[in-house]
Amino acid sequence: MSEIREKDVILQVRGVSKVFSSKGVNVRAVTNVSFDVRKGETIGIVGESGCGKTTLGRCIVRAIDASEGEVIYKTLAGEEVNFLTLDKKQMKPIRKEIQMIFQDPYSSLDPRMTVLDIIGEPIRANYPKMPKKEREQLIKEIAAKVGLNTTYLMRYPHAFSGGQRQRIGIARALILNPQIIVCDEAVSALDVSIQAQIINLLRDLQKELELTYIFISHDLSVVEHISDKVGVMYLGRMVEFGETEKLFASPKHPYTEALLSAVPVADPDVKMDRIPLQGEIPNPANPPSGCYFHERCRYCTERCVTEAPELHEVDGRMVACHRAEELSLRGFNYDEMQ
Ligand code: SF4
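Treat the numbers as computed from the prediction; the structure is a model and nothing was measured.

1. Some remarks on the overall build of the protein
Alright, step 1. Scanning the protein from terminus to terminus reveals 11 helices and 12 strands.
Alright, step 2. Here the C-alpha radius of gyration of the protein, 21 Å, is about what a compact globule of 338 residues would show, namely 20 Å.
Alright, step 3. The dimensions of the protein, computed from C-alpha atoms along their principal axes, are 70 × 50 × 45 Å.
Alright, step 4. Once local pairs closer than 6 in sequence are excluded, the contacts in the protein between residues at least 24 apart make up 65%.
Alright, step 5. Between the centroid of the 43 positive side chains of the protein and the centroid of its 47 negative side chains there is a distance of 8 Å.

Structure follows, in structure tokens:
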């Protein structure tokens, strides 16, 4: 961790917002999100479905355009560029350096292409003159690196298990030698034991290739295993951001506390003491006044109903809660994980 702290910031997300407009209705999917990413670290982004984490990831890789803000990226050549001001042609060489692994390995692979073609597709698109023999050699090397049996590369995706398909997705993301990989619910569709294998693979690859991950997941136990820092999102806003260990041991935002209380523990004798969240996630097209979380928060005061809390530093992390300094919130009980 200390080594990572000293390393370069390679991505600065600054005030990123995304508004979707449809039939005269504006929906703020992401509001004013900022954080830094250092080379070789993993940032976990968590929150319930609909909190804006996937939209944020898509804005970062510029699969969609953010409505406001900056995404400043330090390229492999050492140049700082703001993605959001680049046109398609300027963006092309940078896309190679930032890849995405998708949620569902079943639907993200073209069923009519062989695995050899799927993994090699980014090479054909970016280096069309690369000789076939050289391309196939590269594909085999990457396939072996992610633990795929290279004798089966002429098969189609349906012949592979869920875990193997996710390995194919990882190989495809790696083949252009990226710096950053955004993993969007990359292990959510897999069984727990396969999840562990894929997470271990991602960690090994990170060490070997100095990769940087942005790991988006609704599953806090997965995020806890892989992330150096965690950002918690609620209704499009970052409500807490800090080092994983601190955030899990002593959360400062009531929403983080509630999410942590719902993380399942492996021991069937341990009784879960889940903090119930009242009601549903509010409609982002018509968010509540003041703190967006106030209708579901058991610590809500009058001030929370009228005044939106700003992100500010509390005990070494960023928190958006009026009562962050005074509340003593319950963290994740690591003893129950033993
Ligand atoms: Fe709860 Fe108030 Fe903090 Fe919002 S600002 S999380 S309502 S205590």
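That covers the picture; the talk isn't over yet.
2. Some details on the site of the ligand
Alright, step 1. Every residue lining the ligand is accounted for by His253, Pro254, Cys291, Phe293, His294, Cys297, Tyr299, Cys304, Cys321, His322 and Arg323.
Alright, step 2. Classifying every residue of the shell around the ligand by side-chain character gives seven nonpolar, three polar and one charged.

3. Let's talk about the nonpolar core
Alright, step 1. Counting 61 residues, the largest nonpolar core has Ile119 and Ile170 as its most contacted members.
Alright, step 2. For this core, the domains that each give at least three residues are domain 1 (2-234) and domain 2 (251-337).
Alright, step 3. In this structure, Ile170 is in contact with Ile101, Val146, Ile198, Leu201, Leu202 and Leu205, ignoring residues within four places of it in sequence.
Alright, step 4. Ranked by size, the runner-up nonpolar core spans 34 residues in total, among them Ile43, Val61, Ile64 and Val81.

4. With respect to the packing of helix H4 (residues 115-126) against helix H5 (residues 132-145)
Pairs of packed helices are described in terms of their axes, by the angle between the two and the distance that separates them.
Alright, step 1. Taken N-terminus to C-terminus, the directions of H4 and H5 make an angle of 120 degrees; their axes are 10 Å apart at the nearest point. Relative to H5, H4 is oriented oblique. The way H4 lies across H5 gives a crossing that is right-handed. Where H4 approaches H5, its residues Leu116, Ile119, Gly120, Ile123 and Arg124 are matched on the opposing element by Arg135, Glu136, Leu138, Ile139 and Ala143.
Alright, step 2. A per-class count over the contact of H4 with H5 returns six nonpolar, one polar and three charged.

5. Regarding the sheet that holds strand S9 (residues 229-234)
Alright, step 1. What the eight strands build is an open sheet, ordered S6-S7-S8-S3-S9-S10-S12-S11; its pairing is mixed. Among the strands making up the open sheet, the edge pair consists of strand S6 (98-101) and strand S11 (312-314). Pairs of neighbouring strands in the sheet enclose a mean axial angle of 25 degrees, with direction left out of account.
Alright, step 2. The pairing of S6 with strand S7 (residues 180-184) spans four bridges and is parallel. Among the inter-strand pairings, Met100 is bridged to a residue of S7, identified as Val182.
Alright, step 3. Strands strand S3 (42-46), S6 and strand S8 (212-217) of the sheet are contacted by helix H7 (residues 192-209), whose axis makes an angle of about 160 degrees with S8.

6. As for the domain arrangement of the protein
Alright, step 1. By the assigned domains, the protein splits into domain 1 (2-234) and domain 2 (251-337).
Alright, step 2. In this structure, domain 1 and domain 2 have C-alpha centres spaced 28 Å apart.
Alright, step 3. Contacts between the two partners involve 13 residues from domain 1, matched on the other side by 14 residues from domain 2.
Alright, step 4. When domain 1 packs against domain 2, the two sides together hide about 1300 Å² of surface, and 69% of this comes from carbon and sulfur.
Alright, step 5. When the buried surface of domain 1 facing domain 2 is broken down by residue, Glu48, Leu220 and Tyr234 rank first, second and third, together holding 49% of it.
Alright, step 6. Scanning the region where domain 1 abuts domain 2 turns up one salt bridge.
Alright, step 7. A salt bridge links Arg296 to Glu48, with the nearest nitrogen and oxygen atoms 3.3 Å apart.
Alright, step 8. Seen at the junction of domain 1 and domain 2, the total is three residue pairs in polar contact (both at pLDDT 80 or more).
Alright, step 9. For the side of domain 1 that touches domain 2, the secondary-structure elements that each account for two or more residues are strand S2 (25-38), helix H8 (220-226) and S9.
Alright, step 10. Looking at the side of domain 1 that touches domain 2, the element that brings in the most residues is S2, giving four residues.

7. Section: the sheet that holds S2
Alright, step 1. What the four strands build is an open sheet, ordered S2-S1-S4-S5; its pairing is antiparallel. Among the strands making up the open sheet, the edge pair consists of S2 and strand S5 (80-82). Across this sheet, the average inter-strand angle for adjacent strands is 20 degrees, counted without regard to direction.
Alright, step 2. Two strands pair when backbone bridges link them, and strand S1 (residues 9-22) and S2 are joined in this way by 10 bridges, in the antiparallel orientation. Across the sheet, residue Phe20 finds its bridge partner in S2, namely Val27.

8. Section: unusual backbone geometry
Alright, step 1. In this structure, Lys23 takes a positive phi of about 50 degrees despite not being glycine.
Alright, step 2. If you trace the backbone, Lys23 turns up in the loop between S1 and S2.

9. Side note on the pattern of salt bridges
Alright, step 1. Here the structure, examined in full by the defined rule, presents 15 salt bridges.
Alright, step 2. Within this structure, Glu240, Asp315 and Arg317 form a network of salt bridges that share partners.

10. Notes on empty space enclosed by the protein
Alright, step 1. The tally for this structure, following the rule as stated, stands at two cavities of 30 Å³ or more.
Alright, step 2. Looking at the largest cavity, its volume works out to about 90 Å³.
Alright, step 3. Along its surface, the largest cavity is lined by 13 residues, and Pro254, Cys291, Cys297, Cys304 and Cys321 are the ones closest to its centre.
Alright, step 4. Of the residues belonging to the lining of the largest cavity, the class tally is nine nonpolar, three polar and one charged.

Parameters at a glance
Residues numbered from 1 in each chain as written. Predicted model: local features only at pLDDT ≥ 70, side-chain atom pairs only at ≥ 80, totals over all residues. Heavy atoms only, no water. Helix = DSSP H or I, 4+ residues; strand = E, 2+ residues; numbered from the N terminus. Rg over C-alpha atoms; globule rule 2.2 N^0.38 Å. Contact = heavy atoms within 4.5 Å. Lys, Arg positive; Asp, Glu negative; His and termini not counted. Charge placed at Lys NZ, Arg CZ, Asp CG, Glu CD. Near = heavy atom within 4 Å. Nonpolar A, V, L, I, M, F, W, Y, C, P; charged D, E, K, R; others polar. Core = buried A, V, L, I, M, F, W, Y, C linked by side-chain atoms within 4.5 Å. Buried < 20%, exposed > 50% of the residue type's maximum accessible area, 1.4 Å probe, protein only. Domains from an automatic or database assignment. Axes fitted to C-alpha atoms, helices over the stretch in contact; angles between N-to-C directions. Parallel < 35°, antiparallel > 145°, perpendicular 65-115°, else oblique. Left-handed = near helix turned anticlockwise from the far one by under 90°. Pairing = 2+ DSSP bridges. Buried area = accessible area lost by both parts, 1.4 Å probe. Salt bridge = Lys/Arg side-chain N within 4 Å of Asp/Glu carboxyl O. Polar contact = N/O pair within 3.5 Å; in protein donor to acceptor, adjacent residues only side chain to side chain. 1 Å grid on protein atoms, 1.4 Å probe; cavity = no way out; pocket = protein on both sides within 12 Å on 5 of 7 lines; lining within 4 Å. Points joined across faces, edges and corners; volume = space filled by probe spheres on them.

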